Amino acid sequence: MKNLKLTTIKVKNQARTLVKVKDITIGEGFTVIAGPCSIESEEQAIETAIRVKEAGADILRGGAFKPRTSPYAFQGLGIKGLQILEKAGKESGLPVVTEVLDPRDVSWVCEYVDILQVGTRNMQNFSLLKEVGKAGKPVLLKRGMFSTLSEWLSCAEYVLAEGNPNVILCERGIRTFESYTRNTLDLAIVPSIKEVSHLPVIVDPSHGTGRLSLVERMCLASIAAGADGVMVEVHRNPAEALCDGDQSLSPPMFMSMMKKVRKLQECMVEINALDRESSK
Amino acid sequence: MELKEIRKKIDLLDSRILRILNYRMELALMAKKLKTSIEDKDREKEILERIRLNSTGLINAEFVEKVYTEIIKESKGLQQRDHRLIGFQGEHGAYGEVALRAWNSEWVSVPCAGYSAVFEGIKKGLFDYGIVAVENTLGGVVGEVNELLVNTDLYVAGAVELPVYLCLMTLPGTDHRDIRSVYSSSQALVQCHNFLERNHLEALQYYDSAGAAKMLAEDTPKSSAVIASKLAAEIYDLEIIKEDIDDFERNMTRFLILSAKANVAEGDKCSILFSTAHRAGTLFSVLEIFAKHDINLTRIGSIQSGAGNYTFFLDFIGSNKDEKVISSMEQIKKVTSSLRFMGCYKEKRVD
């Protein structure tokens with residue numbers, strides 16, 4: 001961590017970074033980002049947006065440029081997808097986040113969305129990191145699936161070094177020998193980040209587990225681990241999803257999860273108060 | 001050329017053929033305004049003769065005759081119906097046409113090369129009405145139109161306030177990453193300056209925004225986009241990349257609908273033109289009359305008419321049937337050197 005100048009905590013009780021997006025502040029309370037893996041149609045995006053908003057989501061997600069393992073898989077709607085996402089955001093009143101894959105697209109994507117996401121496969125794409133660093137929009141930086149904490153922070157450092165302090169880290173699971181889950185969700189990284197960095201950190205239990213049945217539990221575990229939020233995939237009809245249908249929640253499942261999320265959040269306020277007392 | 005490319009070219013050409021046909025029909029409707037009867041056998045013969053001589057290549061005389069007999073039949077059919085023709089400045093897809101559609105979507109809009117052609121056309125009876133931009137929240141007054149208004153005897157028949165949404169558009173299938181140059185009117189380019197800078201695009205001035213859209217569809221320059229209205233994208237079959245790209249929140253343009261005859265339909269807004277003697281307090285005495293009659297003014301503008309003399313435009317809320325409006329007009333007549341009541345009309349605000 002020697003080369004980390006901007007992302008790490010330098011002094012005791014250093015203020016934590018708060019990322020403001022419209023009326024939402026990431027780093028304060030617990031922020032829930034929800035929405036489909038990919039934007040498939042205007043109807044799908046708007047319906048999903050309205051339903052996640054009703055359930056209490058804070059930010060809408062949706063992919064327009066998709067980094068797929070196979071070149072033959074659905075690659076996203078591109079600019080058309082961004083137009084739809086922007087509209088869905090306006091109709092639901094939610095800020096929007098989408099992944100940007102190509103440094104040439106950064107300025108364009110900024111025209112439509114509130115937060116730029118750098119995906120796990122691009123975590124170490126340094127030319128992309130420099131470009132999003134210059135863009136002036138908050139950046140959601142996913143952890144590379146083979147990356148250590150210090151490598152991850154080093155990538156965040158690239159963005160901060162360009163003058164953009166608004167980085168949100170996102171744990172999305174790493175590759176291990178375990179094959180039951182799609183990835184191994186490394187929740188220990190959440191309090192670890194809190195020890196060394198002032199940046200907010202959220203968790204993506206959808207990619208982290210790849211299993212619908214595990215999303216809710218890991219989402220609650222993230223709250224207990226001290227995360228600043230979660231990002232979950234919600235599709236109005238997961239069976240029809242063009243991408244990640246196996247790990248997408250349906251709107252009713254999301255709604256029931258949100259009730260538990262808000263409940264646990266309340267409990268955590270009390271638990272955190274106990275923490276503060278014992279440290280006195 | 002690959003099949004896909006050939007088909008793309010055919011699509012572009014088809015939409016162009018339709019636009020040209022539409023233009024021909026517009027001209028036929030204008031011609032009707034100047035002739036007494038629709039049927040003109042000599043003229044039809046002349047047209048068929050001319051196209052027969054012009055048929056080239058794969059187009060034989062028999063085929064063109066068939067096509068043209070249909071075209072002439074259709075244009076005579078259109079001439080029989082009572083169409084209202086409205087002139088607007090610019091090419092199809094211009095904001096004047098967008099405003100006009102919001103006012104009355106059944107009227108036939110006819111493009112004019114300039115504002116003076118709109119005024120001329122109404123005077124000559126080619127158009128039943130004309131629509132002209134008078135002011136924009138960002139660009140201020142349209143000087144050329146004010147100049148024409150001072151010197152005209154046309155009447156105001158309506159007004160439209162239109163939010164201007166500037167859109168970036170390209171030929172269908174263009175990758176946004178390939179866009180280098182953006183054509184539009186100088187006003188539109190200025191209003192999108194920050195957007196163009198952010199995306200590293202070169203601004204290239206064109207005479208008119210809708211004209212730029214037409215040029216893009218017809219000349220298909222590479223790596224290019226245009227800034228124009230959503231309507232222009234529909235008309236020229238262009239693909240919108242981003243809507244509402246101007247740097248300013250509120251971009252509104254106000255249009256006046258002009259006619260050779262005074263508006264007789266009900267109205268709640270009036271426009272007058274007047275000049276006052278070059279003396280202290282003369283303008284004040286006019287405004288004082290409005291104040292005393294409790295009439296709310298919505299716009300006042302001035303234009304120099306000869307050395308030291310000014311003509312004033314004034315819009316106010318009220319109807320020419322209101323007692324207080326009638327009385328104030330009588331009093332204003334006495335304190336001005338000239339007064340022209342331009343019309344009482346309705347104003348439409350588009351959201």
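Conventions used here
- Residues numbered from 1 in each chain as written.
- Chains lettered and ligands numbered in written order.
- Predicted model: local features only at pLDDT ≥ 70, side-chain atom pairs only at ≥ 80, totals over all residues.
- Heavy atoms only, no water.
- Helix = DSSP H or I, 4+ residues; strand = E, 2+ residues; numbered from the N terminus.
- Buried < 20%, exposed > 50% of the residue type's maximum accessible area, 1.4 Å probe, protein only.
- Contact = heavy atoms within 4.5 Å.
- Areas by Shrake-Rupley, 256 points an atom, 1.4 Å probe, with all protein chains shown as cover.
- Lys, Arg positive; Asp, Glu negative; His and termini not counted.
- Charge placed at Lys NZ, Arg CZ, Asp CG, Glu CD.
- Pairing = 2+ DSSP bridges.
- Axes fitted to C-alpha atoms, helices over the stretch in contact; angles between N-to-C directions.
- Phe/Tyr/Trp six-rings, centres within 6.5 Å; stacked < 30°, edge-to-face > 60°.
- Lys NZ or Arg CZ within 6 Å of the ring centre and 35° of its normal.
- 1 Å grid on protein atoms, 1.4 Å probe; cavity = no way out; pocket = protein on both sides within 12 Å on 5 of 7 lines; lining within 4 Å.
- Points joined across faces, edges and corners; volume = space filled by probe spheres on them.
- Nonpolar A, V, L, I, M, F, W, Y, C, P; charged D, E, K, R; others polar.
- Disulfide = S-S within 2.5 Å.
- Salt bridge = Lys/Arg side-chain N within 4 Å of Asp/Glu carboxyl O.
- Domains from an automatic or database assignment.
- Buried area = accessible area lost by both parts, 1.4 Å probe.

## Some details on the overall build of chain B
Broken down by element type, chain B carries twelve helices and 16 strands. Projected onto the principal axes, the alpha-carbon positions of chain B cover approximately 75 × 60 × 35 Å. When the 351 residues of chain B are sorted by exposure, 45% land in the buried category. At a minimum sequence separation of 6, the contacts of chain B that also span at least 24 residues come to 74%. Here chain B has roughly 18800 Å² of accessible surface; of this, 52% comes from carbon and sulfur atoms. Separation of charge centres in chain B, based on 45 positive and 51 negative side chains, amounts to 3 Å.

## So, the sheet that holds strand 4 (residues 59-61) of chain A
Residue and element names in this part refer to chain A. Ordered by their spatial adjacency, eight strands build a closed barrel running 3-4-5-6-7-8-9-10, and the pairing between neighbours is parallel. Each strand of the sheet is rotated relative to its neighbour by a mean of 25°, with strand direction disregarded. Docked against the sheet, helix 9 (residues 251-278) engages strand 3 (31-35) and strand 10 (229-233), running at close to 175° with respect to strand 3.

## Comments concerning the packing of aromatic side chains
Summed over all chains, the structure comprises seven aromatic pairs over all chains. Aromatic side chains Tyr206 of chain B and Tyr207 of chain B sit 5.1 Å apart centroid to centroid with 35° between the ring planes, which places their arrangement in the tilted category. The interplanar angle of 50° and the centroid separation of 5.1 Å between the aromatic rings of Phe290 of chain B and Phe316 of chain B together place this pair among those described as tilted. Of this pair, Phe290 of chain B sits in helix 11 (residues 282-292) while Phe316 of chain B sits in strand 14 (residues 310-317), and the two are 26 residues apart along the sequence. With a relative accessible area of 1%, Phe290 of chain B lands in the buried category. Members of the aromatic cluster, each reached through a chain of ring pairs, are Tyr183, Tyr206 and Tyr207 of chain B. A cation sits over an aromatic face here: Arg211 of chain A above Tyr180 of chain A, 3.7 Å from the ring centre. A cation over a ring is seen here: Lys242 of chain B above Tyr112 of chain A, with NZ or CZ 5.0 Å from the ring centre.

## Description of empty space enclosed by the protein
Residues and elements named next belong to chain B. Within this structure, the stated rule accounts for one cavity of 30 Å³ or more. Reported here for the largest cavity is a volume of approximately 50 Å³. Around the largest cavity, the lining residues are Leu149, Val156, Leu256, Ser271, Ile272, Arg299, Phe313, Leu314, Asp315 and Met342. Where the lining of the largest cavity is concerned, the elements lending two or more residues are strand 12 (269-275) and strand 14. Among the elements that line the lining of the largest cavity, the one with the most residues is strand 14, at three residues. Residue composition of the lining of the largest cavity, by class: seven nonpolar, one polar and two charged.

## What about the state of the cysteines?
In total, this model carries zero disulfides over all chains according to the counting rule given. Cys110 of chain A takes part in no disulfide bond, and the closest cysteine sulfur to it belongs to Cys192 of chain B, at a distance of 17 Å. Looking at the unpaired Cys155 of chain A, the closest cysteine sulfur is the one in Cys170 of chain A, lying at 14 Å.

## Some thoughts on the pattern of salt bridges
Counting across every chain of the model gives 41 salt bridges over all chains. Its salt-bridge partner being Asp105 of chain A, residue Arg177 of chain B comes within 2.6 Å of it at the nearest N-O pair. Here Arg177 of chain B, found in the loop between strand 6 (167-170) and strand 7 (181-184), pairs with Asp105 of chain A, found in the loop between strand 5 (96-99) and helix 3 (106-110), and the two come from separate chains. Among the residues examined, Asp105 of chain A registers a relative accessible area of 0% and is labelled buried. Among the charged side chains, a salt-bridge network with shared partners connects Asp102, Arg104 and Asp105 of chain A together with Asp175 and Arg177 of chain B.

## Re the domain arrangement of chain B
Residue and element names in this part refer to chain B. Under the domain assignment, chain B is made up of domain 1 (3-79), domain 2 (85-163 + 253-349) and domain 3 (167-242). Using C-alpha coordinates to define each centre, domain 1 is positioned 30 Å away from domain 3. Facing five residues of domain 1, the contacting portion of domain 3 comprises eight residues. If you sort the residues of domain 1 by the area they bury against domain 3, Leu12, Arg16 and Arg19 come out on top, with a joint share of 78%. The residue Arg16 makes a salt bridge to Glu218 at a minimum N-O spacing of 3.8 Å. For the side of domain 1 that touches domain 3, a count of residues per class yields one nonpolar, one polar and three charged.

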